[in-house]
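Notes for the structure review
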Amino acid sequence: MFRWFKPKKPKHVDTHVPIIEDFSDPDELYRFFTATTGITFEQKKSITTTKLINFARDHRFASFTSLLSALRNDVRVMESLINFLTVNETYFFREMAQIEFMARQVAGSHKKMRILCAPGSTGEEPYTVAITLCEAGVDLNRVEIVSIDINTKAIEHARQGLYSRRSLHRLTDQLISRYFTSEGEKYRLNASICAHVRFEAMNIFDPAMAEFGTFDYLFSRNMLIYFDQPTVFSAVERLSRLAHDAKSLFFFGHADILSSPPGLSEHYAHGVKYYTLRACEPA
Ligand SMILES: C[S@@+](CC[C@H](N)C(=O)[O-])C[C@H]1O[C@@H](n2cnc3c(N)ncnc32)[C@H](O)[C@@H]1O
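Residues numbered from 1 in each chain as written. Predicted model: local features only at pLDDT ≥ 70, side-chain atom pairs only at ≥ 80, totals over all residues.

What follows concerns the overall build of the protein chain. Secondary structure summary: the protein chain contains 10 helices and 10 strands in total. Taken over C-alpha atoms, the radius of gyration comes to 24 Å for the protein chain, far larger than the 19 Å a tight globule of 283 residues would show. Each principal axis of the C-alpha atoms in the protein chain carries an extent, and together these give about 100 × 45 × 30 Å. Of all 283 residues assigned to the protein chain, the portion counted as buried reaches 33%. (Helix = DSSP H or I, 4+ residues; strand = E, 2+ residues; numbered from the N terminus. Rg over C-alpha atoms; globule rule 2.2 N^0.38 Å. Buried ≥ 20, exposed ≤ 12 C-beta atoms within 10 Å, placed from the backbone.)

Ranked by internal contacts, the top residues of the largest apolar core, which has 69 residues, are Leu116, Ala130, Leu218 and Phe250. At 5 residues, helix α6 (residues 124–135) tops the list of elements feeding residues into this core. Residues from two domains meet in this core; each of domain 1 (27–85) and domain 2 (96–277) gives at least three. Beyond its immediate stretch of four places on either side in the chain, Phe250 contacts Leu218, Leu239, Leu264, Tyr274 and Tyr275. (Core = buried A, V, L, I, M, F, W, Y, C linked by C-beta atoms within 7 Å. Domains from an automatic or database assignment. Contact = placed C-beta atoms within 7 Å.)

Examined at the domain level, the protein chain breaks down into domain 1 (27–85) and domain 2 (96–277). With centres defined by C-alpha atoms, the gap from domain 1 to domain 2 works out at 28 Å. Of the residues lining the interface, 7 residues belong to domain 1; the matching set on domain 2 comes to 11 residues. The dominant element in the side of domain 1 that touches domain 2, judged by the number of residues it contributes, is helix α4 (residues 75–85), at 3 residues. Classifying every residue of the side of domain 1 that touches domain 2 by side-chain character gives 2 nonpolar, 4 polar and 1 charged. (Nonpolar A, V, L, I, M, F, W, Y, C, P; charged D, E, K, R; others polar.)

What follows deals with the packing of helix α5 (residues 96–107) against α6. When two helices pack together, you describe them by how their axes are tilted relative to each other and by the distance separating the axes. Two elements in contact, α5 and α6, have axes whose closest approach is 9 Å; the angle formed by their N-to-C orientations is 45°. The orientation of α5 with respect to α6, classified from their angle, is oblique. Between α5 and α6 lies a crossing whose hand is right-handed. Where α5 abuts α6, its residues Ile99, Glu100, Ala103 and Val106 lie against Thr128, Val129, Thr132 and Leu133. (Axes fitted to C-alpha atoms, helices over the stretch in contact; angles between N-to-C directions. Parallel < 35°, antiparallel > 145°, perpendicular 65-115°, else oblique. Left-handed = near helix turned anticlockwise from the far one by under 90°.)

Once that is clear, we can look at the environment of Leu71. Along the polypeptide, Leu71 turns up in helix α3 (residues 64–73). According to the C-beta neighbour criterion, Leu71 is buried, with 21 such atoms within 10 Å. Along the chain, Leu71 and Phe33 lie 38 residues apart, while their C-alpha atoms are 8.8 Å from each other. Each residue touching Leu71, except ones within four places of it in the same chain, is listed here: Phe32, Val77, Met78 and Leu81.

With that settled, the discussion passes to the pairing of strand β8 (residues 249–252). The alternating pattern of β8 places Leu249 and Phe251 on one face and Phe250 and Phe252 on the opposite face, and all of these are buried. Bridge count between strand β7 (residues 217–220) and β8: 4 bridges; the pairing is parallel. Opposite Ser220, over in β8, you have Phe252 as the bridge partner. Between the parallel pair β7 and β8, the chain is carried across by helix α10 (residues 229–240), and the sense of this crossover is right-handed. (Pairing = 2+ DSSP bridges. Right-handed = clockwise from strand over helix to strand, strands pointing away.)

Here we take up the site of the ligand. Taken together, 23 residues lie around the ligand, and Thr86, Thr90, Pro119, Ser121 and Asn222 are the ones closest in. Partitioned by chemical class, the residues of the shell around the ligand number 8 nonpolar, 10 polar and 5 charged. Here the shell around the ligand spans two domains, and each of domain 1 (27–85) and domain 2 (96–277) adds at least three residues to it. (Near = placed C-beta within 6 Å.)

A few words on the sheet that holds strand β5 (residues 186–189). Read across the open sheet, the 3 strands follow the order β3-β5-β4; overall the sheet is antiparallel. The open sheet terminates on both sides in strands that have one partner only, identified here as β3 (162–163) and β4 (180–183). Judged from the 2 bridges that link them, β3 and β5 form a sheet pairing that is antiparallel. Residue pairing in the sheet places Leu162 in a bridge with Arg188 of β5.

Structure below.
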């Protein structure tokens, strides 16, 4: 090396520029999330705000304002937040009276039937519908079951048809061996059942719901509990547009509907509560 050449010392670059965080006002973010999904967090605002801060930090947002701007402009950020905040709790053979009621009617007819689960979460409910119809002797080829959910991870899970023992706790060993094959610690639902349920990621408020056509039986259970009253009515109104005809039946979860929605009539039969379009007699 030439004696006059002195290599320069590299300049010190400070990579630790402090990030100034501001997670002071989540209200606008809550308003945007609720307007899009229907979900409100009134009862759990403090714990949800902590979750929102964790989400923002994990995704490198330093404030609710910058997170909100990303939610408005990048559908992938919104999708991640929806997957993060929605409660997908479900299991096979949950609230069976309504499903058995539907299965008896379908078994007593020879018509083609279309059934909607909105939401179907990770698939346990729509698959329960298929299993129950199968147990009632219904040929599944004349039944179309569509299951939608806003949570894209739940839809992926549903399509795999692979479940933990916990999801199956209501099934007898006999039913488990008839419809599942064990795979390590998990249970795989038989392809003969999986093939009869179509899963789509969809927001119940998305006008594209109309593209699924109309249905004879519409299940919407344990989602409306997360909505406020006007939003419950608005969701029910959206679902009403998907009724095939006056004989279409709607089933909601026990805690979903606190007062009868305008547009629907309430009925009871065999201990089961169901609804039809208003001014229509029950099936
Ligand atoms: C508790 S699970 C209920 C699943 C099943 N129906 C049951 O009763 O077991 C509620 C589901 O509603 C979904 N959900 C919430 N808001 C939604 C919306 N706007 N559109 C579609 N699905 C939604 C959530 O992602 C979640 O999977």
